[in-house]
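One-letter residues, chain by chain:
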Amino acid sequence: MGLLERYEDLFPLTSATPRISLGEGNTPFLPLRNVGKSLGVKLYGKVEGANPTGSFKDRGMVLAVAKALEGRARAVVCASTGNTSASAAAYSAAAGLPCYVILPAGKVARGKLAQALIYGAKVLAVRGNFDKALELAMAASDEWRLAIVNSVNPYRLWGQRSGAWEICDELGRAPDWCVLPVGNAGNITAYWAGFVQYRRMGKCQGVPRMVGVQAQGASPLVSGVECDKPETVATAIRIGRPVNAQKARAAVKMSGGFFMAVSDEEILEAQSLLASREGVFAEPASCAPLAGLMRLKRDGKLPQATTIAMILTGNGLKDPDTAMSKAGEPVEVDGTMEALRKVMAP
Ligand SMILES: *Cc1c(COP(=O)(O)O)cnc(C)c1O
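A few points on the structure. (Residues numbered from 1 in each chain as written. Predicted model: local features only at pLDDT ≥ 70, side-chain atom pairs only at ≥ 80, totals over all residues. Heavy atoms only, no water.)

The next point concerns the sheet that holds strand S1 (residues 29-31). Judged by pairing direction, the sheet is mixed, and its 6 strands sit side by side in the order S1-S2-S10-S7-S8-S9 without closing on themselves. Both edges of this open sheet fall to S1 and strand S9 (258-262), since each of them pairs with a single strand only. Put simply, the sheet's adjacent strands are angled 25 degrees from each other on average, direction ignored. As paired strands, strand S7 (residues 177-181) and strand S10 (residues 307-312) are joined by 3 bridges and run parallel to one another. Across the sheet, Val179 pairs through a bridge with Met310, a residue of S10. Packing of helix H11 (residues 245-255) onto the sheet brings it into contact with strand S8 (209-215) and S9, and relative to S9 it is tilted by some 115 degrees. (Pairing = 2+ DSSP bridges. Helix = DSSP H or I, 4+ residues; strand = E, 2+ residues; numbered from the N terminus. Axes fitted to C-alpha atoms, helices over the stretch in contact; angles between N-to-C directions. Contact = heavy atoms within 4.5 Å.)

Look at helix H3 (residues 57-70) against helix H4 (residues 83-95): their axes get within 9 Å of each other, and the N-to-C directions meet at 40 degrees. Classified by the angle between their axes, H3 and H4 sit oblique to one another. At the point where H3 passes H4, the crossing takes the right-handed sense. Touching Lys57, Asp58, Met61, Val62, Val65 and Leu69 of H3 are Asn83, Thr84, Ser87, Ala88, Tyr91 and Ala95, all from H4. (Parallel < 35°, antiparallel > 145°, perpendicular 65-115°, else oblique. Left-handed = near helix turned anticlockwise from the far one by under 90°.)

Turning our eyes to something else, we now look at the sheet that holds strand S4 (residues 99-104). If you walk across this open sheet you meet the 4 strands as S5-S4-S3-S6, and the pairing is parallel. Two strands lie at the open edges of the sheet, namely strand S5 (122-126) and strand S6 (147-148), each paired on one side alone. As paired strands, S4 and S5 are joined by 5 bridges and run parallel to one another. Opposite Pro104, over in S5, you have Val126 as the bridge partner. Lying on the sheet, helix H6 (residues 130-144) is in contact with strand S3 (76-79), S4, S5 and S6; it crosses S3 at an angle near 160 degrees.

We now examine the site of the ligand. The local shell around the ligand holds 17 residues, among which Lys57, Asn83, Asn184, Asn187 and Thr313 are the closest. Contact between the ligand and Gly183: an oxygen atom at 2.9 Å from a main-chain N or O atom of the residue. Asn187 places a main-chain nitrogen or oxygen 2.8 Å from an oxygen atom of the ligand. When the free accessible area of the ligand is taken as 380 Å², the share hidden by the protein chains comes to 97%. Class assignment for the residues of the shell around the ligand results in 7 nonpolar, 8 polar and 2 charged. (Near = heavy atom within 4 Å. Polar contact = N/O pair within 3.5 Å; in protein donor to acceptor, adjacent residues only side chain to side chain. Areas by Shrake-Rupley, 256 points an atom, 1.4 Å probe, with all protein chains shown as cover. Nonpolar A, V, L, I, M, F, W, Y, C, P; charged D, E, K, R; others polar.)

On to the pattern of salt bridges. As enumerated under the stated definition, the model contains 15 salt bridges in all. Between Lys132 and Glu135 there is a salt bridge; the shortest N-O distance is 3.3 Å. Taken together, the positions of Lys132 and Glu135, both in helix H6 and 3 residues apart, correspond to about one turn of that helix. On the accessibility criterion, Lys132 (36% relative accessible area) is partly exposed. Residues participating in the shared-partner salt-bridge network are Arg6, Lys46, Glu48, Arg59 and Glu166. (Salt bridge = Lys/Arg side-chain N within 4 Å of Asp/Glu carboxyl O. Buried < 20%, exposed > 50% of the residue type's maximum accessible area, 1.4 Å probe, protein only.)

The next thing to look at is the packing of helix H9 (residues 186-200) against H11. At a minimum axis separation of 8 Å, H9 and H11 run at an interaxial angle of 45 degrees. Taken together, H9 and H11 sit at an angle that is classed as oblique. Between H9 and H11 the crossing geometry is left-handed. Along the contact surface, H9 presents Ile188, Thr189 and Trp192, while H11 presents Lys247, Ala248, Ala251, Val252, Met254 and Ser255. Partitioned by chemical class, the residues of the contact of H9 with H11 number 6 nonpolar, 2 polar and 1 charged.

Attention shifts here to the nonpolar core. By size, the foremost hydrophobic cluster in this structure holds 54 residues, and its most contacted members are Leu4, Phe11, Ile188, Tyr191, Phe195 and Met210. Excluding residues within four positions of it along the chain, Met210 makes contact with Cys178, Leu180, Ile188, Tyr191, Trp192, Phe195, Val252, Ser255, Gly257 and Phe258. Core analysis: the next-biggest nonpolar cluster, separate from the first, contains 33 residues, Ile237, Ala270, Met294 and Met310 among them. (Core = buried A, V, L, I, M, F, W, Y, C linked by side-chain atoms within 4.5 Å.)

Structure follows, in structure tokens:
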């Protein structure tokens, strides 16, 4: 069952909203025992890479595209650091809607680019960063009255609340902390709204502290100033002017949480640890939260025995180049046992 059917009563649906689905949501909520133990916390990972296009964007996209269909939109448009375009292109394809994608040229992981193209979107790579691409997508949406499916679209954020609901359903309560990577700051806003809505409905106890982790080279919510030239290996959060900055600030403040920034090196270290200690391969942006927790632990600022939900936003397979820059290449040998004996000793 797709998200729209599963959470029918919690979404703003009408009888005219088509209940489309590619099988999104209901992703694994894994106890990460090895890493959790070394951090001294009860750590869980919400594996959003298990969604149909490999990221959490599908949760919001299913509702945004359903609403575009209901409103008889001519086409869908988005700006993207990669995952939004993959998701928009897939759901548009299934819905029979044309999809236009505007990307920062040369700054999108190859797997994501391949997705947008193979799903049949018209992909435009603009010379400029994501913030420029979003400006253009919004202008194009106005000029041709296209449905814009970035996180300026309220249905996107509403759909993404479902991640918070699933966590509460699984834990039987809200976690103590919910830690997310922050780019355009939509997802952290959506999760907070999801927890608050669930508590109000009596479906969970309490709400978590929201912790937003940015990459040091793109950390306007930590520094307090917009960033003209965002730069980080975590391309999904390479954003200098988050459109949801105000809402995200309010959410984090209300929750008693905070924002922090981590270096690219820390992100890659966390990615490698998560894969090699837990068997979970998440893309670089998704590993910023773990990098943040590792930093807090080192600084003695991680409260022990806390129950922490980490949102592993996207699948590592989308960006093999970055992973291999850290993991290296296979060892090449002759095809003989003699050669194997020299390098392999279990
Ligand atoms: C989009 C995305 C983010 C950032 O989410 P925002 O809502 O823009 O803050 C983080 N990680 C991945 C993998 C993403 O695709």
